[in-house]
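Tertiary structure, described
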Amino acid sequence: MAGAVRSISMIVPRRCLALNRGRGAQRFPRPFVLMAASRLPAAASPSASSTVEETSQIQQDIEFDEKTDPREDKLACPICYYPLVKKSDESAPRLECNVCKKEYRNNGTYLDLTVSASSGEYTESMPAATELFRSPLVSFLYERGWRQNFIWGGFPGPEKEFEMAKEYLQPAIGGTIVDASCGSGLFSRLFVKSGMFSQVIALDFSENMLRQCSEFVENENVPKENLALVRADISRLPFLSGSIDAIHAGAALHCWPSPASAVAEISRVLRPGGVFVATTFIVDVVPPAVPALRLTRQYFAQFTSNTIYVSETELEDLCSACGLVGFTCARNGFFVMISVTKPS
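Below: a short report on this structure. (Residues numbered from 1 in each chain as written. Predicted model: local features only at pLDDT ≥ 70, side-chain atom pairs only at ≥ 80, totals over all residues. Heavy atoms only, no water.)

Let's talk about the overall build of the chain
Scanning the chain from terminus to terminus reveals ten helices and 14 strands. Excluding contacts between residues fewer than 6 apart, the proportion of contacts in the chain whose partners are at least 24 apart in sequence is 69%. In the form shown here, the chain has an accessible surface area of approximately 15300 Å², with 55% of it arising from carbon and sulfur atoms. (Helix = DSSP H or I, 4+ residues; strand = E, 2+ residues; numbered from the N terminus. Contact = heavy atoms within 4.5 Å. Areas by Shrake-Rupley, 256 points an atom, 1.4 Å probe, with all protein chains shown as cover.)

As structure tokens, then:
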């Protein structure tokens, strides 16, 4: 998709906003209080084994590449987290890491930034839930009945969820948002249409979900100039540290193989003052079941690859352990929307 290729160069830093919010649950999201914050450079850290001379040479090679200016790019190699540089010396644009020399290409629909991108013989088994969402059937059905069924658990519906999320995301307006585990791009398209953000990155591990997202974008005539489709692992995000203004994850947190690793990555790539908003299921609305679920959820996770969250406190503790603060949530039955920020 040509729009996806063009949008790579538009993933540029915009602004850094800090916020100050109270803790605890509430029925409706409250507006953020904006505060000025200094803008920090987005730079990857060299590995511990690199010498000072090697690091200096690498930085010079990256900084003075004539074909691109990686300081205007948020994308990073998922292997070593150094900036990716754009090479345009051939008909098909490609991105390359100046450190590990790995190349990444756009297949016309999405840019593959997984660690195993372009690998040949190597394959890796994924958890059952991950493989389920990679199937063409589930990708096709996701917006044709699958997602709508979440209403039984208290999810208010995509339009209402989007309006709620917008309130939490106010401090990031004008910046870059990553719609993590975007699926078929339900919220990615809404973010683009809203015009709230200068760049929307629809990110998912499922190739078929991204293809479905691309089809919806075409059918709905969604502007492509500020939209990029990226395939990536949520536990290995291909962005420079401190380079993203906001991350949204709709009905995804319970599906991640390692929520702690994923939230830690989200914390790494968020700018100081950046916002993380997510929705998931929570089971404390059935108090008698909570003790039993605490005992059995390890086995449930092993067999289903899904995580059961039993309390708001648990979700807050997960975010806090990953360096995110200002936990706030909105509840409706099993549905919970949480918001946290990266400390300034």
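What to know about the pattern of salt bridges
Scanning all chains against the criterion turns up 17 salt bridges. With a closest N to O distance of 2.8 Å, E265 and R268 form a salt bridge. Residue E265 and its partner R268 are located together in helix α8 (residues 259–269), separated by three residues, close to a single helical turn. What makes E265 buried here is its relative accessible area of 8%. Here the salt bridges share partners, and the residues they tie into one network are D112, E131, R134, E207 and R231. (Salt bridge = Lys/Arg side-chain N within 4 Å of Asp/Glu carboxyl O. Buried < 20%, exposed > 50% of the residue type's maximum accessible area, 1.4 Å probe, protein only.)

Digging into the sheet that holds strand β5 (residues 94–97)
Taken in spatial order, the three strands make up an open sheet running β4-β5-β6, and their pairing is antiparallel. If you trace the sheet from one side to the other, it starts and ends with β4 (84–87) and β6 (103–105), each paired once. Pairwise comparison of adjacent strand axes, ignoring direction, gives a mean angle of 30° for this sheet. Of the pairings in the sheet, the one linking β5 to β6 comprises three bridges and is antiparallel in character. By the bridge assignment, E96 is partnered in β6 with E103. (Pairing = 2+ DSSP bridges. Axes fitted to C-alpha atoms, helices over the stretch in contact; angles between N-to-C directions.)

Description of the environment of S135
Here S135 shows up in the loop between α3 (128–133) and α4 (136–146). Polar contacts involving the side chain of S135 include one to the main-chain amide nitrogen of V138, which spans 3.3 Å. (Polar contact = N/O pair within 3.5 Å; in protein donor to acceptor, adjacent residues only side chain to side chain.)

Brief notes about the packing of α4 against helix α7 (residues 207–219)
Between α4 and α7, the least distance of the axes is 8 Å, while the angle of their chain directions is 45°. Of the possible angle classes, the one that applies to α4 and α7 is oblique. As for the relative orientation of α4 and α7, their crossing is right-handed in sense. Between α4, through P136, V138, S139, F140, Y142, E143 and R144, and α7, the contact on the second element is made entirely by N208, M209, Q212 and F216. Residues belonging to the contact of α4 with α7 are distributed by class as follows: six nonpolar, three polar and two charged. (Parallel < 35°, antiparallel > 145°, perpendicular 65-115°, else oblique. Left-handed = near helix turned anticlockwise from the far one by under 90°. Nonpolar A, V, L, I, M, F, W, Y, C, P; charged D, E, K, R; others polar.)

Here's the deal with the pairing of β5
Side-chain alternation along β5 places R94 and E96 on one buried face and L95 and C97 on a second face that is also buried. Relative to β5, β4 runs antiparallel, the two sharing four bridges. What sits directly across from V85, in β5, is E96. Hairpin remark: β5 followed by β6, antiparallel, with five residues in the connecting loop; positive phi at K101, about 65°.

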